Amino acid sequence: MHPQVIKDEPGKCPLCGMDLVPMDAGNHPNDTDHHGHHHEHDHHHHDHGQHNDYNKHAGHRTGDFLKRFWVSLIITVPILLLSHMIQHWLGFDLKFTGDNYVLLVLGTIIYVYGGMPFLKGMVGEIKAKAIGMMTLVAIAITVAYVYSVAVALGLKGMDFFWELATLIDIMLLGHWLEMRSQMAASKALQSLVALLPNSVTVERNGEAVKIKLEELQNGETVIIKPGEKIPADGLVTEGLSYINESMLTGESVPVKKEVNDKVIAGSINGDGAVKIKVTGVGKDSYLNKVINLVQEAQATKSNTQNLADKVAKWLTFIAIAVGIITFVYWFSSTGDMAFALERMVTVMVTACPHALGVAIPLVVAISTTLSATNGLLIRNRTAFETTRKLSTIIFDKTGTLTKGSHAVEKVIPLTDEYSADDVIQYAAAVQQNSEHHIAKGIITQLKEKGLALWKSENFSYMQGIGVRGTVNGKNVVAAGPNYFSENKLSLPEIPTEINQEAETVNFVLIENKVIGIITLADSIREGSQAAIDKLKKMDIKSFLLTGDNEKIAAAVAGKLGMDGYLANVLPHNKQEKIKEFQAKGEIVAMTGDGVNDAPALAQADVGIAVGSGTDVAAETADIILVDSDPKDIVKLIDFGKLTYKKMVQNLIWAVGYNVVAIPLAAGLLYPKFVLSPAMGAVLMSVSTIVVAINASLLKIKK
């Protein structure tokens, strides 16, 4: 993968947007940027394992912790052999002149080298005014070290060097294991990043030339051989193939692509060879937009995460307070400085809110990337969490529950002056500048009949009503029944041959006189029935919202077994309809195409935009269904519930562990049971790893 292909600015990481430190500028591989993030950029790899805000190991690679662990472990062996406590336990004697100074030197090396990530982390936390896990570990090892130095230099008591060494070893190993688990969270995102090929074959001056991906420009023609990855968004200009878009849309079946069809960067070509004209390279590509959406969603904090952050902050203060109280209690009651310090250090290490710091962000990272690779793009984490509480879903009819590909059914001229072909030509001329599904249907009919497309001027779009313009010097309007009610005109009589329950009626007017009627039919999308049935089982009400007439709305809602319908609703009134439901106490999701539904999508508790292919959604939507499949709404709600369940499980585990461990660390069961600092560190690491593994078990129901 070439990082520069999708970067937004020079010197920025293409995914998280942070400043990069050039590796060739004499920097050590562990150098960090001013964010405190380590960035690894080689030709093929971009490591986002440590970019999420659950990163507590700023400035260190996963391998760095492992290396420090092995070096510290080697130094620990002589420390254990020279520690009087260990010698006493194992029944051997190893003493020589200056052995305490050797112990002091080895203890200092392990404190500085092994403890450096924690000491640096503490400085970072204090600077950021976010005291937390690193501060607790740093205080604990510093207290143990300073006291042990004092003993080595003559203070009466038993040194802590062996406990300091084993504590640092276990903390380093635990952090390495935890970072390995965290890395798994970003694998889905890395796989999105790695979807582009390294080189591409382009057609230049009639020859096939192989170039690097970053040299590819918009407008160039790329030759895609069977099995190759599509390097950029584009249009097929030659050939036919079936293309696998599953990593981008979640659609497992390869999609047929022929001339003039859009293809998406990162999808994989099947058996056919195609040529594509590039329309979106780098940051303009759909893939990059998906990656940016995922990054933004992972960075956004949800309500549950804010709660976890607050609990972690309080836990840090509680740990420091309990540590001090524990020291004061044991020192005043026993007079044993070493034992009192040991209890204090154990409390601080055991109470590290590490598991809590990882609990929610890790679930967020995994759920966001999983969603993206299943065609559900989450823009708003809080709205995603709200999906589990939904009581009502309002569906925009066209393009959501129905295919939206209106085909012309009937063309009925209403005057002798104009023929059926004239009606189509006038309607097509005035509709040609519109993106509406009715316009597309009429233009398709014109092409099928082989009729000429006339020019039109003074085009204007009447939202939710129709279009107007000047054709052959005449004022032409193509509009639905709403045009007549808006202009306080009487609706013309509709011929009985038109089935108003299935056909959308479009009137063609010239100089305010109705010259003909064009009817269009829409078919219900596969998956709509299954989606409505599943929502019923979940006790979620479904309503149809449409600008179409009452009869069509009633027919579609009735056929699908929905709870009701709202017909003849103009786009600007959709928002009001949502407000009415909310006023009754309903938690409402609105699904629409994200263009004329924008106010309603913004008003709803959860705005779901449906838009296939490269039309990445309207800014107002909280969640985008790439594949436009109504069943994805059920998948989304299910996944929202599962994600929340994982968050709650992790919170309960992380908090519950501390409730049990802190009193044990403080010496509540002394002398029956005493928790050593090293065992406290093991428990802390294990609890973090349990939380990480639990998060990685999150799966989307197919």
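Residues numbered from 1 in each chain as written. Predicted model: local features only at pLDDT ≥ 70, side-chain atom pairs only at ≥ 80, totals over all residues. Heavy atoms only, no water.

Where an unreviewed UniProt entry is consulted, the protein appears under the name Cu2+-exporting ATPase, with the organism given as Sphingobacterium allocomposti.

What follows concerns the overall build of the protein. Helix and strand content of the protein: 22 helices and 22 strands. For the protein, with 702 residues in total, the buried portion stands at 54%. Of the roughly 30100 Å² of accessible surface on the protein, 57% is carried by carbon and sulfur atoms. (Helix = DSSP H or I, 4+ residues; strand = E, 2+ residues; numbered from the N terminus. Buried < 20%, exposed > 50% of the residue type's maximum accessible area, 1.4 Å probe, protein only. Areas by Shrake-Rupley, 256 points an atom, 1.4 Å probe, with all protein chains shown as cover.)

This part is about helix α21 (residues 631–666). Owing to its 3.6 residues per turn, the α-helix brings residues three or four apart onto one side. In this model α21 runs 53 Å from its N-terminal to its C-terminal C-alpha over 36 residues, within 8% of the 52 Å that 1.5 Å per residue would give. Looking one or two residues beyond α21, the residue adopting positive phi is Gly667, at roughly 95 degrees. (Expected span 1.5 Å × (residues − 1).)

A sheet is described by the order of its strands in space; here three strands give the open sequence β6-β5-β8, paired in antiparallel fashion. Whereas interior strands pair on both sides, the edge strands pair on one side only; in this sheet they are β6 (255–257) and β8 (268–269). Relative to β8, strand β5 (residues 241–244) is paired through two bridges, and the arrangement is antiparallel. Bridging across to β8, Ile243 finds its partner in Asn269. (Pairing = 2+ DSSP bridges.)

With that out of the way, let us pick up the sheet that holds strand β1 (residues 199–204). Strand order in this open sheet of six strands is β2-β1-β3-β9-β4-β7, and the pairing throughout is antiparallel. For this open sheet the edge positions go to β2 (207–212) and β7 (262–263), each flanked by a neighbour on one side alone.

Another point: the UniProt feature "transmembrane region" (unreviewed entry) in the protein. Mapped onto this numbering, the UniProt entry gives "transmembrane region" (unreviewed entry) at residues 69–89, 101–119, 131–154, 160–177, 311–332, 344–372, 651–670 and 676–698. Between the C-alpha atoms that bound residues 101–119 the distance is 24 Å, and the span itself is 100% helix and 0% strand. Secondary structure across residues 676–698 divides into 87% helix and 0% strand, with the first and last C-alpha atoms of the span separated by 34 Å. (UniProt positions renumbered as here; feature names shortened; annotations may be inferred.)

Scanning the model with the defined rule gives twelve salt bridges in all. For Asp93, the salt bridge identified is with Lys95, shortest N-O distance 3.4 Å. Neither residue differs from the other here; Asp93 and Lys95 are each classed as exposed. (Salt bridge = Lys/Arg side-chain N within 4 Å of Asp/Glu carboxyl O.)

With that settled, consider the environment of Trp176. In this structure, Trp176 sits in helix α5 (residues 161–185). Residue Trp176 is classed as buried on the basis of its relative accessible area, which comes to 15%. Along the chain, Trp176 and Phe69 lie 107 residues apart, while their C-alpha atoms are 8.7 Å from each other. Setting aside anything within four residues of it in sequence, one finds Trp176 in contact with Thr62, Phe65 and Leu66. (Contact = heavy atoms within 4.5 Å.)

The next subject is the pairing of strand β9 (residues 274–280). Most of β9 sits out of view: five of its seven residues are buried. Bridge analysis of strand β4 (residues 233–239) against β9 gives six bridges, and the strand direction is antiparallel. Across the sheet, Glu238 pairs through a bridge with Lys275, a residue of β9.

Turning our eyes to something else, we now look at the nonpolar core. When a protein is soluble and globular, its nonpolar side chains tend to lie buried together. Counting 107 residues, the largest nonpolar core has Ile79, Phe161, Leu164 and Ile393 as its most contacted members. With residues near it in sequence (within four places) discarded, Ile393 still touches Leu535, Ile540, Lys541, Ser542, Phe543, Ala589, Thr591, Ile633 and Ile637. (Core = buried A, V, L, I, M, F, W, Y, C linked by side-chain atoms within 4.5 Å.)

Together, Val77, Leu81, Trp89, Leu90, Phe92, Leu94, Phe96 and Val102 make up an exposed nonpolar region whose accessible area comes to about 740 Å². Every element with two or more residues in the nonpolar patch is listed here: α1 (62–82) and α2 (84–90). Assignment of secondary structure puts Phe92 in the loop between α2 and α3 (99–127). Overall, Phe92 belongs to the partly exposed group, its relative accessible area being 31%. (Patch = residues over 30% accessible without salt bridge, like charges linked within 9 Å, V, L, I, M, F, W, Y side chains within 5 Å.)

Before going further, it helps to examine the environment of Leu172. Turning to its location among the elements, Leu172 is positioned in helix α5. Linking Leu172 and Leu73, residues 99 residues apart in sequence, is a C-alpha distance of 10.0 Å.

It is worth spelling out unusual backbone geometry at this point. For the peptide bond that leads from Tyr670 to Pro671, omega is 5 degrees, which places it in the cis range. Along the polypeptide, Pro671 turns up in the loop between α21 and α22 (677–696). Here the phi dihedral of Asp539 falls at roughly 65 degrees; this positive angle occurs in a residue that is not glycine. Within the secondary structure, Asp539 is located in the loop between α17 (528–537) and β18 (541–545). Note on Asp539: relative accessible area 67%, which makes it exposed.

Before going further, it helps to spend a moment on the packing of aromatic side chains. For the structure shown, the criterion picks out 15 aromatic pairs. Seen in terms of ring centroids, Phe339 and Tyr670 are 4.9 Å apart; in terms of plane orientation they differ by 45 degrees. Their pairing is tilted. Of this pair, Phe339 sits in helix α10 (residues 337–350) while Tyr670 sits in the loop between α21 and α22, placing them 331 residues apart in sequence. The exposure class assigned to Phe339 is buried, which follows from its relative accessible area of 14%. Between Tyr483 and Phe484, the aromatic rings sit 5.6 Å apart at their centres with planes inclined by 85 degrees, giving edge-to-face as the arrangement. We note that Tyr483, like Phe484, is buried. Of the aromatic side chains, those joined through ring pairs into one cluster are Tyr329, Trp330, Phe339 and Tyr670. Stacked on the ring of Tyr113, the Lys or Arg Arg68 has its end atom at 4.9 Å from the ring centre. Above the ring of Phe581, the side-chain terminus of Lys584 is found at 5.1 Å from the ring centroid. (Phe/Tyr/Trp six-rings, centres within 6.5 Å; stacked < 30°, edge-to-face > 60°. Lys NZ or Arg CZ within 6 Å of the ring centre and 35° of its normal.)

The next point concerns the packing of α10 against α22. To characterise two packed helices, one gives the angle between the axes of the helices and the distance between these axes. Packing of α10 against α22 leaves a shortest axis separation of 8 Å and a crossing angle of 5 degrees. Comparing the axis directions of α10 and α22 gives the class roughly parallel. For the pair α10 and α22, the contacting residues are Glu342, Val345, Thr346, Val349 and Thr350 in the first and Pro677, Gly680, Ala681 and Met684 in the second. By residue class, the composition of the contact of α10 with α22 is five nonpolar, three polar and one charged. (Axes fitted to C-alpha atoms, helices over the stretch in contact; angles between N-to-C directions. Parallel < 35°, antiparallel > 145°, perpendicular 65-115°, else oblique. Nonpolar A, V, L, I, M, F, W, Y, C, P; charged D, E, K, R; others polar.)

Turning our attention to the packing of α17 against α21. Where α17 contacts α21, the two axes come as close as 7 Å, and the packing angle between them is 35 degrees. Side by side, α17 and α21 meet where Ala530, Ala531, Lys534 and Leu535 of the first sit next to Lys631, Val634 and Ile637 of the second. For the contact of α17 with α21, the class distribution of residues is five nonpolar, no polar and two charged.

Attention now goes to the side chain of Ser148. Assignment of secondary structure puts Ser148 in helix α4 (residues 133–152). Of note is the side chain of Ser148, whose polar atom sits 2.7 Å from the backbone oxygen of Ala144. Apart from the residues lying within four places of it in its own chain, the contact partners of Ser148 are Asp159, Phe160 and Phe161. (Polar contact = N/O pair within 3.5 Å; in protein donor to acceptor, adjacent residues only side chain to side chain.)

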